[in-house]
Each structure stands twice: as structure tokens, then as C-alpha cells.
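In case you want the letters, here they are:
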Amino acid sequence: MDFAQFILSHEGEDPAALALARDRYASEVEDFDLALNTLEVRRKLRVKVPQWYAVPQLRFPFRLSGEQCSSAETARYKASVALRALTREKTVADLTGGLGVDSWAFAQVASAVLYNEMRPELAAAASANFKALGLTNVRVSCAELRPGGLREILDGFVPDVIFLDPARRAADGRKVFRLEDCEPDVLQLLPELLAAAPRVLLKLSPMADITLVCKQLGYVREVHVVAADGECKELLLLLERGYSGAFRLFVYENGAVLPLDEEPEVASAPSGDLLFEPGKALLKAGAFDLPCRYGLGKLSQHTHLYLASARVEALQPFGKWFRILETLPLDKRAMKDIGQRYPRASVTARNIPLTSDALRKKLGVADGGSVHIFGAKAASGNQLLVCESS
């Protein structure tokens, strides 16, 4: 059978079990190891990039590339950021191509995309995969990105935007997030990059210190904190040649974008029976006072939970809303009472000398149910807030 037929016929099987039965199945397909790796990657892409999962002809030589690639959602957000930075030519050079998901997203908004990847197996697979996906505006290059080598990679291609996603793993496999520890070294390459394109888009670890990396790089016009599936996934930095002003900060979550430098028009009383818990993007961006600008009130200065009398639609995608059922002092008597009345609940500790797990144990509740109990420091002292999703 051909490659796609083999993939479809073994879609629901465990690749590890197939590997153990190599003698039985290896003759069914030309490259059995490639097929096993492809099956493993497809298990991740089924949810992560369903548009690629729907095409069984695609080939994936390395399992790790499936873990490291962007999701369709985050890739399309990158493309939307790049789109606003494109000039009349509308060209993007992705110099750290990997699996190619970002290049695929750029190709939806750009007239031409250059995909470059230093590993020949990935570059060859990407070339075939782009054709199978129906892309006709992506050029594939296979070269190492090193100082002095950019002109050779571009080979006449003139980009409006250069995109880089530096590898965030050290030689020993450890995850790293400082700019100087990633490969390639963006700090060393930056003059060359900005000479070749007016704008550079960088994807960095969500663990990176925003203030520090912006100071190290300079030229940063925009910073985007990108969250998906309840997690902060990445930081995107848009650099512009010759730019020396302050950067604008945006957060993206649940399909919505919130610019943090725009003053909201909404105002409401800083109290009420609703509680707002910010999502990961707002917290990573350090936007601890932003909900207050919408009229919400903080429980206390360093407790990032907020009270409101009505929902604020602008904040809806960027956190969770709860209705407060009751508020009690955080003491032994109240914990015993709450634990008996709510034997199953989600538990979160905020700004108190207990972790969420420790508080759950003291309450004696099992995880689950429709109730969420917050133990948090409030202006009047430590409190237990019993809530339900709103």
C-alpha cells in the first residue's frame, strides 16, 4: 500500500506496538520508521493542527517536531501580527522552519514565503507537505542560520518580515529561555536581520522576562503575550529597524486581543457578588491593575482576584468569572464547615501562606464538582470565597 493508505489503516494503533511488530508490518510501506514517526506526530496534530491531520499524505520524520510546533491557533495569530507589518510586497522569511506550521499560516496572508530549515529531513518533508496542502507560494531552503550566512539563505528573496523561533533546548536537552542560551543567537544576528528586512518577528519562551529581553534587543515596537488552552504558550516580539520608542503590549487569549495601553470606557462599582480570575496571558503581561481600570476592585493590593457587580464583556476572553455564594474568614472552624458542606470542589490559594494543594487537604475536599473555593488574602484579612462558575 502507499504511504497514506498505511497511515489511515493504522491510525488508531499505538506506534510503539507497531514498532514491536516490525517483522509483520514493515513490508507494508516503503519507509516504516518514517511511518511510525508520522503516526506519533499525527496523534498530537489531531487537536493541535486538525487541518494537517486531515491530510494523510503528510510526512513527519521527527517526533519531537510535533511537540515543538505551533498550534493552528497560535500560528494564525502570528500570521495576523505579521500581516499588519507587511508592506506592498507582502513577503515573509521563516528562517527556523521546523515542521512548517508557522510558514503554512504565513502563506495564508503573504504573497510569498521563504521556509528555511537546517535539518535536511525536515526540509524535504516540508517541501512535500506544502505541496500536499496545496500551497504554491512557499519556497524551501535548507541551510544553517549563522552570522554572515543570511544572504545565502535568502538567495534574492526580499522579505518584509523575518520570523525566527530560536530553539529553546540546550545541548543536554534542558529547556532554556534566556536569549543568549537559545539557538540561533538572535542578539548576534540582529544587525544582519534588520539590514535584510524592515521588521523582525521573534517567538520566545513564555518564561522570558519581557522587560529584560526588550532591553537586550532594542527596536521592539510590539510585545504579544499569547495564551491558548488555559496556558501561556509564547511571547511574540515585533522589532522594527530604527525604532526607539516604547513598545505596545497586547494579550491574546480565547480568540480575542486586548491592547493594554488603551484606556477602557467601562466603569462600575469596585464591589459585588462576582469574582474575576485573570487568565495566564494577563498575568504574564503583568497587567495586575488592568481589571481595576474597568471598575473591578482587587481583594487586596497583591491578590490578583477582583470583585465586580456585573460582567465586563471586554475581559470575558481573558479570565474566568465566578458568582460568590458565600464568604467566610479563613480559619479552622470555617474550613471544617466548608469541607463538610462541599465535599467536592476545585481549590485555589492566592496570596496566603498555603499552596492550593495544602489548602485542599486542610478543607478535606476532593477535586471536582461545580464549586470553586478560593482561599485568598483580602483587605479585611484572609478569606474563603465559595464560588460557582458564572
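Located above this text is the structure these notes cover.
1. Side note on the packing of aromatic side chains
Here is step 1: Here the structure, examined in full by the defined rule, presents nine aromatic pairs.
Here is step 2: For the pair phenylalanine 322 and phenylalanine 374, a centre-to-centre distance of 5.2 Å together with 75 degrees between the ring planes defines the contact as edge-to-face. Of the two residues, phenylalanine 322 sits in strand S13 (residues 319–329) while phenylalanine 374 sits in strand S15 (residues 371–378), which places them 52 residues apart along the sequence. For the pair shown, phenylalanine 322 and phenylalanine 374 are each scored as buried.
Here is step 3: Within the aromatic cluster, the residues linked to one another by ring pairs are Trp52, Phe60 and Trp104.
Here is step 4: Positioned above the aromatic ring of phenylalanine 3 is the side chain of arginine 59, whose terminal nitrogen or guanidinium carbon lies 4.1 Å from the ring centre.
Here is step 5: Its end group placed over the ring of phenylalanine 250, arginine 84 keeps NZ or CZ at 5.9 Å from the ring centre.

2. Focus on the environment of glutamate 89
Here is step 1: The residue glutamate 89 is located in the loop between helix H7 (72–85) and strand S1 (91–94) in this model.
Here is step 2: C-alpha separation for the pair glutamate 89 and aspartate 155, spaced 66 residues apart in sequence, amounts to 17 Å.

3. Here we look at the pattern of salt bridges
Here is step 1: In total, this model carries 20 salt bridges according to the counting rule given.
Here is step 2: Glutamate 234 is the salt-bridge partner of lysine 203, the closest N and O atoms lying 3.5 Å from each other. Separated by 31 residues along the polypeptide, lysine 203 in strand S5 (residues 199–204) and glutamate 234 in strand S7 (residues 231–240) bring together distant segments of the chain. Of the two residues, lysine 203 and glutamate 234, both sit in the buried class.
Here is step 3: One connected set of salt bridges, linked through shared partners, spans Lys78, Asp102, Asp165, Lys203 and Glu234.

The rules behind each value
Residues numbered from 1 in each chain as written. Predicted model: local features only at pLDDT ≥ 70, side-chain atom pairs only at ≥ 80, totals over all residues. Heavy atoms only, no water. Phe/Tyr/Trp six-rings, centres within 6.5 Å; stacked < 30°, edge-to-face > 60°. Helix = DSSP H or I, 4+ residues; strand = E, 2+ residues; numbered from the N terminus. Buried < 20%, exposed > 50% of the residue type's maximum accessible area, 1.4 Å probe, protein only. Lys NZ or Arg CZ within 6 Å of the ring centre and 35° of its normal. Salt bridge = Lys/Arg side-chain N within 4 Å of Asp/Glu carboxyl O.

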